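Here's the letter readout for the chains.
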Amino acid sequence: MAARGHVQDPNDRRLRPIYDYLDNGNNKMAIQQADKLLKKHKDLHCAKVLKAIGLQRTGKQDEAFSLAQEVATLEPTDDNSLQALTILYREMHRPELVTKLYEAAVKKVPLSEEYHSHLFMAYARVGEYKKMQQAGMALYKTVPKNPYYFWSVMSLVMQAISAQDEKLAQTMFLPLAERMVEKMVKEEKIEAEAEVQLYFMILERLGKYVEALDMVRGPLGEKLTSELQSRENKCMMMYQRLQLWPECNALSYKLLLKNPDEWQFYLSYFDSLFHLMDKSWSPPNEEEHCVEGPVHTTVAEAVKFVVDRMEEEDKKDSRPLRGPYMACLELIHRLRQRGCPDEEELGDPLELMLQFFGKFGDKPCCITDLKIYLHLLPPEQHTQFENRLGELVPLGEVGEDGFGFPGDTKALQRHLCVCQLSRVLGLQHTLDTEGKLCLITELKAHYHYGLQFGKSCLKTELQFSDTYCLMVAHVYIDLWTETGDENMLWQCLGVLEEGLSYSPSNAQFKLLLLLLFCRLGAFQPVVDLYSSLDAKHVQHDTIGYLLTRYAGSLGQFAAASQSYNFSLRFFHSNQKDTSEYIIQAYKYGAFEKIPEFIAFRTRLNQSLHFAQVRTERMLLDLYTEADITSSLEESVKAMGLCPEEDDIPWDNMRDNRDLTVLFSWDPKDRELTEEHRRLSLEEESVWLKVRSLTLRLLASLALLGHAPSKRNSDKTNENGVSAKSSTLQTLLSQLDLTLQTAAQITEKQTQYPFLGPPSSRLASALSSGSCHCQASALQLSLTLQELETTGLDDSSELQTQICNSFKSLIVQLQELLSRCKGDVLEMKDSRLMTQPSLLETLVFFVEPVVLSGFQEWTGSLQGIVTQALDHVKGQEASLTALKLAALTLGVGHAQTQEECGFTRAAMDKVQTSYLGSLQELGDLLRKRADSLKSLKF
Amino acid sequence: MTTLRAFTFNFDICYNNYGIPFYLQYLAHWPEYFIVAEAPGGELMGYIMGKAEGSVAREEWHGHVTALSVAPEFRRLGLAAKLMEMLEEISERKGGFFVDLFVRVSNQVAVNMYKQLGYSVYRTVIEYYSASNGEPDEDAYDMRKALSRDTERKSIIPIPHPVRPEDIE
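Everything numeric here is computed off the predicted structure, so don't read it as measured data.

J.: Before we go on, may I ask you to explain the environment of Gly863(A) in this structure?
T.: Residue and element names in this part refer to chain A. Within the element layout of this structure, glycine 863 appears in helix α39 (residues 859–881). Note on glycine 863: relative accessible area 34%, which makes it partly exposed. Glycine 863 sits 104 residues away from serine 759 along the chain, and the two C-alpha atoms are 33 Å apart.

J.: Honestly, the packing of helix α14 (residues 245–258) of chain A against helix α15 (residues 263–278) of chain A in this entry has me stumped. Any pointers?
T.: Two quantities define a packed helix pair, namely the angle between the helix axes and the distance between the axes. All names here are of chain A. Contact geometry of α14 with α15 gives a least axis separation of 8 Å together with a crossing angle of 145 degrees. Regarding α14 and α15, the two cross each other, and that crossing is left-handed. Across from Trp245, Pro246, Cys248, Asn249, Ser252, Tyr253, Leu255 and Leu256 in α14, the residues of α15 making contact are Phe265, Tyr266, Ser268, Tyr269, Ser272, Leu273, His275 and Leu276. Partitioned by chemical class, the residues of the contact of α14 with α15 number eleven nonpolar, five polar and no charged.

J.: What is the right way to look at the pairing of strand β4 (residues 62–70) of chain B in this model?
T.: Residue and element names in this part refer to chain B. Here eight bridges tie strand β3 (residues 44–53) to β4, and the two strands are oriented antiparallel to one another. By the bridge assignment for β4, glycine 50 is matched with valine 65. Handedness of the crossover is the feature at issue here: the chain leaves β4, passes through helix α2 (residues 79–93), returns alongside strand β5 (residues 98–104), and the resulting connection is right-handed.

J.: Help me understand unusual backbone geometry in this model?
T.: Note: most residues except glycine have negative phi, and most peptide bonds are trans. Residues and elements named next belong to chain A. A positive phi is found at histidine 93, a non-glycine position, where the angle reads about 55 degrees. Mapping histidine 93 onto the fold places it in the loop between α5 (79–91) and α6 (95–108). Despite not being glycine, glutamine 229 shows a phi value in the positive range, around 55 degrees. Tracing the backbone through its elements, the reader meets glutamine 229 in the loop between α12 (209–217) and α13 (230–241).

J.: Where do I start with the interface of chain B and chain A in this structure?
T.: Accessible area lost upon the coming together of the parts is a frequently used measure of interface size. Chain B puts 42 residues into the contact, and the matching count from chain A is 45 residues. Across the interface of chain B and chain A, roughly 3900 Å² is buried in total on both sides, 64% from carbon and sulfur atoms. Applying the counting rule to chain B against chain A returns zero salt bridges. Our enumeration of links across chain B and chain A arrives at five residue pairs in polar contact (both at pLDDT 80 or more). The set of elements that each furnish at least two residues to the side of chain B that touches chain A consists of β1 (3–6), α1 (20–29) and α2 of chain B. Grouping the constituent residues of the side of chain B that touches chain A by class yields 23 nonpolar, eleven polar and eight charged.

J.: Any chance you could explain the nonpolar core here in plain terms?
T.: Note on soluble globular proteins: their nonpolar side chains tend to be buried together. Residues and elements named next belong to chain A. One finds Phe385, Leu496, Leu512, Tyr586, Phe591 and Phe845 to be the most contacted residues of the largest nonpolar core, which totals 310 residues. Looking at this core, the element that brings in the most residues is helix α29 (residues 557–588), giving twelve residues. Not counting residues within four places of it along the chain, the set of residues in contact with leucine 496 comprises Leu470, Ala473, Phe509, Leu512, Leu513 and Leu516. Membership of the second largest hydrophobic core comes to 22 residues, among which are Val686, Ala765, Ala775 and Leu778.

J.: Honestly, empty space enclosed by the protein in this entry has me stumped. Any pointers?
T.: To find the voids left in a structure, one rolls a probe of water-molecule size over its atoms. Residues and elements named next belong to chain A. Under the criterion given, the structure shown has five cavities of 30 Å³ or more. Its volume calculated, the largest cavity comes out at about 210 Å³. In this structure, the largest cavity is lined by 16 residues; those nearest its centre are Thr548, Arg549, Gln612, Glu616 and Glu684. Among the elements of the structure, α28 (545–551), α31 (608–625) and α33 (674–705) are those that each provide at least two residues to the lining of the largest cavity. Of all the elements, α33 adds the most residues to the lining of the largest cavity, at four residues. Taken together, the residues of the lining of the largest cavity sort by class into six nonpolar, four polar and six charged.

J.: What am I meant to see in the packing of aromatic side chains here?
T.: All names here are of chain A. As enumerated under the stated definition, the model contains 30 aromatic pairs over all chains in all. Centre to centre, the rings of tyrosine 253 and phenylalanine 305 are 5.1 Å apart; their planes meet at 55 degrees, and the pair counts as tilted. Separated by 52 residues along the polypeptide, tyrosine 253 in helix α14 and phenylalanine 305 in helix α16 (residues 299–315) bring together distant segments of the chain. For the cation-ring pair, arginine 519 lies above phenylalanine 754, with the distance from its terminal atom to the ring centre recorded as 4.7 Å. One residue, arginine 549, lies across the ring of tyrosine 550, its end atom 4.5 Å from the ring centre.

J.: Where do I start with the pairing of strand β2 (residues 34–38) of chain B in this structure?
T.: Taken across its five residues, β2(B) has four buried, putting it largely inside the fold. Connecting β2(B) to the antiparallel partner β3(B) that follows it, the hairpin turn spans five residues, and Gly42(B) within it adopts a positive phi of roughly 95 degrees.

J.: Would you explain the pattern of salt bridges in this entry?
T.: Pairing between side chains of opposite charge can happen when their charged atoms approach one another. Tallying each qualifying case throughout the model produces 56 salt bridges over all chains. Glu580(A) serves as the salt-bridge partner of Arg90(A), at 4.0 Å between the closest nitrogen and oxygen. Of this pair, Arg90(A) sits in helix α5 while Glu580(A) sits in helix α29, and the two are 490 residues apart along the sequence. We classify Glu580(A) as partly exposed; its relative accessible area is 25%. For Glu59(B), the salt bridge identified is with Lys154(B), shortest N-O distance 3.6 Å. One end of the pair, Glu59(B), is in the loop between β3 and β4; the other, Lys154(B), is in the segment after β7 (138–146), with 95 residues separating them in the sequence. The class for Lys154(B) is partly exposed, based on a relative accessible area of 44%. Because the salt bridges share partners, they merge into one network encompassing Arg90(A), Arg125(A) and Glu580(A).

J.: Please explain the environment of His161(B) as it appears in this structure.
T.: Turning to its location among the elements, His161(B) is positioned in the segment after β7. With 25 residues separating them in the primary sequence, His161(B) and Pro136(B) have C-alpha atoms 21 Å apart.

J.: Can you walk me through helix α7 (residues 113–126) of chain A in this structure?
T.: Turn by turn, an α-helix covers 3.6 residues, leaving residues three or four places apart pointing in a common direction. Residue and element names in this part refer to chain A. Taking 1.5 Å of rise per residue, 14 residues should cover 20 Å, and α7 covers 21 Å from first to last C-alpha, within 8% of that figure. α7 sits mainly inside the fold: ten of its 14 residues count as buried. Along α7, the positions that sit buried rather than exposed are Tyr115, His116, Ser117, Leu119, Phe120, Met121, Ala122, Tyr123, Ala124 and Arg125. On its buried side, α7 packs onto α5, α6, α8 (129–142), α9 (146–162) and α29. Once α7 finishes, glycine 127 follows within two positions and takes phi at roughly 70 degrees, a positive value.

J.: Would you mind going over the packing of helix α11 (residues 193–205) of chain A against α12(A) with me for this structure?
T.: All names here are of chain A. Contact pair α11 / α12: the axes reach a minimum separation of 8 Å and the direction vectors enclose 160 degrees. The angle between α11 and α12 falls in the class roughly antiparallel. Between α11 and α12 lies a crossing of left-handed hand. Across the interface between the two elements, Val196, Tyr199, Phe200, Leu203 and Glu204 of α11 pack against Tyr209, Glu211, Ala212, Met215 and Val216 of α12.

What counts, and at which threshold
- Per-chain numbering applies: the sequence of each chain, read as written, is numbered from 1 onward.
- Chain letters and ligand numbers both follow the written order, the letters beginning at A and the numbers at 1.
- For this predicted model, a pLDDT threshold of at least 70 governs which residues receive local features, and a threshold of 80 or more governs which side-chain atom pairs are given and counted, while totals over whole chains, interfaces and linings are taken from all residues.
- Side-chain calculation: all heavy atoms of the structure are included, whereas hydrogens and water are not.
- The secondary structure listing takes helices from DSSP runs of H or I that are at least 4 residues long and strands from runs of E that are at least 2 residues long, numbered from the N terminus.
- Classification of residues uses two cut-offs on accessible area relative to the type maximum, computed with a 1.4 Å probe and protein chains only: under 20% is buried, over 50% is exposed, and between them is partly exposed.
- The angle between two axes is taken between their N-to-C directions and runs from 0 to 180 degrees, where each axis is a line fitted to C-alpha atoms and a helix contributes only its stretch in contact.
- For any pair of crossing helices, the crossing counts as left-handed if the nearer helix is rotated counterclockwise from the farther one by less than a right angle, and right-handed if it is rotated clockwise.
- Working rule for contacts: check all heavy atoms of both residues, and any pair within 4.5 Å makes them a contact.
- Each residue receives one of three labels: charged for Asp, Glu, Lys and Arg, nonpolar for Ala, Val, Leu, Ile, Met, Phe, Trp, Tyr, Cys and Pro, and polar for the others, Gly being one of them.
- Pairing between strands is defined by DSSP: at least two bridges between the two strands are required.
- Think of it like this: strands point away, you trace from the first strand over the helix to the second, and a clockwise trace means the crossover is right-handed.
- The term buried area refers to how much accessible surface (probe radius 1.4 Å) is lost by two components on association, counted for both of them together.
- Should a side-chain nitrogen of Lys or Arg be within 4 Å of a carboxyl oxygen of Asp or Glu, the pair is scored as a salt bridge.
- Between N or O atoms, a polar contact is any pair within 3.5 Å; within protein, one atom must be a potential hydrogen donor and the other a potential acceptor, and residues adjacent in sequence are included only when both atoms are from side chains.
- The term nonpolar core refers to a set of buried residues drawn from Ala, Val, Leu, Ile, Met, Phe, Trp, Tyr and Cys, joined through side-chain atoms within 4.5 Å.
- For each structure, a 1 Å grid was placed over the protein atoms alone; sets of points admitting a 1.4 Å probe that cannot get out are labelled cavities, open sets with protein on both sides within 12 Å along at least five of seven lines are labelled pockets, and lining residues have an atom within 4 Å of a point.
- Grid points are joined across faces, edges and corners, and a volume is the space filled by probe spheres set on the points.
- Note on ring pairs: Phe, Tyr and Trp rings are taken, using the six-membered ring of Trp, and paired if centres are within 6.5 Å. Classes follow the plane angle, with under 30 degrees stacked, over 60 edge-to-face and the rest tilted.
- Charges are assigned to positions over rings by a cutoff of 6 Å between ring centre and Lys NZ or Arg CZ, combined with an angular limit of 35 degrees from the ring normal.
- Here the expected span of a helix is defined as 1.5 Å times the quantity of residues minus one.
- Roughly parallel refers to an angle under 35 degrees, roughly antiparallel to one over 145, roughly perpendicular to one between 65 and 115, and oblique to any angle outside these ranges.

Set out below in structure tokens:
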């Protein structure tokens, strides 16, 4: 923060030391220095503001605010004060106050370009589009510079975009914006490319495609030079909107001749071709088909065009492009869709794909390319295809283990591609158990053999043969899910740990390990894995769910809290970041980016995951902290929780989860479908609703239970209490309804692909009885509250009701606890068995117990808590006693000594993690038990 | 084969390495310099991001490559070269004298690739890359390629002495 203005200004000299202290983070000294200065110069307002900044930064928000307001009410017009206040308000997250500041300044100094411009930006920061429009105009009238005029126009476009009523956008805002631009066009005042871009945006949004097209093709379009192919791209877009298929076709053709690798133009070329065929279009005259040149209208022309492109590539000495060969497969695909017999002219898809593999099989992308067109092969050709591909892979002589290996990385890549294709075709899935185990042996041999090619790889680079290792893991998972043999899972973990030891940067290894540990209920190793993934910004939203779904539910409360915080920090910073750059985009005329920035921000604000972590974070704090370190009421107040308010955008929830972040080579029928996505979002939303209602109920309970002077309250206070208890009642019936919906959803028993989204906690929350326990406990609290208002004398009915609810709650809790019994980890016949669901149920037991503890009845509860504690202690003891070293590994399926080591390490991690969860759960229960004991009747 | 398009600011960003403000800054200022390549299946193959800067009067107006990244599965397809070619074309249109970029001296693969694309080492910048976890900071090569406006190719005459990061503009 630097003092601006003239060096001569003596005030600048006086203020300098304070700025310096603030810049260096020495807030105390800044405050002292400001005080000193203010003693001598009472009217040096800026010193006050700088002092306020110091106060704000040392946590004295209230003092800072009132000091700032002292200055603000004087409506300062000196640069120093204005800038300092702007900074202060921004740090206070009160950007709306900046607008007030400059509104006053502009009134006092109406000819200041600088203040007008600050005012515009201040409005931009808070998204006041109408005021931006006016401020932009006022600015232009003060200083007639084009950018200011167009700031105002853009603000009209923003009003259109944000209008709830689309009609208003179409009939008012956009036409007005259009007229404003037209005026400048008529007066020949258009200067910059940005202005033309904006004009185009307006016409496009108005659906005036013909006008937009004319504009782009005309003299104004000549200004569109920064972006490559800007005019062509815009024309193409308009041709498509206007369904001008001849132009679309001809332009695509032209652009493809120039660059035969531009995929999007093959698509528009084919699209337009078939539209023209459907319309039996023929050119109006032979010489000129359309303004863009020659048009193709027959399959024969298209076939020839594609074949010619391939021949061009074949002739080239340099690296061939993939585009033409892929276009050939795409054309076959489209012809087949239309039932058109001409596809034979292009050749047999099997031969074409083999040809493609011959040319590009040594590139890692070959699999992603071919995968798209595998459906062109009939199933009876699959094995033949695999065999023929195999013939194109140069492998060395078959050794004594029965395998031949590739001699270099190109051959390795080809072999790998065949393995992947075989999996995508489903050929691995049809193998029986024995076949799958043989496949594992083969893939492992290739994996280990291939490691020699990557000996000189840096730690940050991947091993060439990593994909083999990942495929081994996938086959193990197949075996585990099909047979239920946990040994397969342990070996899977082992092979992934081994892979990671050779290739420590492989994110796919980490992701799969992370998923498996979570499914196993072992959260501890997950923390390190996730942090080594080095997830950045948006990833906290897209893959954060992998972590936050399990953290709390497995009883790792500290880790859970940490992971929620990671995500929340990202979401909160996003808001501030985007505002700054929206302003930058205005300054530089990057108008088309502004709606993008705003859409991005909205998408994050409406994120399912954001709402989840927000809710879970507060619930976790209440469950683990409230009534232990502080009262429930204090906790609720500190969180700023308001039970009447629901801040979750239920109708616009955005599922930003990346559900295909884990590689999968599963065939189409096993892939994640849109229906899966829909069901998963539905399930998560209902679970979120249960959680958010629970949270609001807790808040409502806290504020109600501790309402002041309940008994002798005057009328208003009584009304206050009853208003709150009716909130409680409303929320309770909402919870009840939600639980009914939840029951219907869990009846569907949706199964997702293994590598797809994890199931929500909904099903286990319901089946464990936890949800109903919580609801009962909350209902009981409400009844207790009624008892307090009614008074003990006239409430015998209520008292009986309470007594019964209480008994039934205790029975429910007892049942819930009994579902936790059993061993989470045990050794049977030298096999290690896990029951992670027990851990999850235990967490489900703890939550309502904690909740029940808020009420002033405890006797039987103490009994149950003691039982639970005994169970936890017992589990801890048996876990500690479990000596995994005694386990003989490698039984049944041959594992080398080294592989056993990795498997054992994974087992140790699971054991330690279970122990960690139990300890955290035990601690929480013990604290709860203590606070129960200390309660007095 | 590839679809090359202007970067629309969306969740594509999640595969990239910098903080969101960094991208926003570039998009707000030089949107034309941000190009992504997309595979037919929709996968993000790679992207390039750059800017135009420098004084025209001192013949230092130029295009700068800030980031160039190609996903591992899409390497060895010539995509980096294609993206570089596009950035150079944009810089040509803006009337730049040259295009420059910084690269770790240890990144031999990248240095060789840029040499193949016509770039040469203009100077070494000492300790340009600050290292984490206790390893020493690393030097950068400032590599340049002259554009057609620099007819005498003055902008790429190497500076023999290494410079410090604070001395570059």
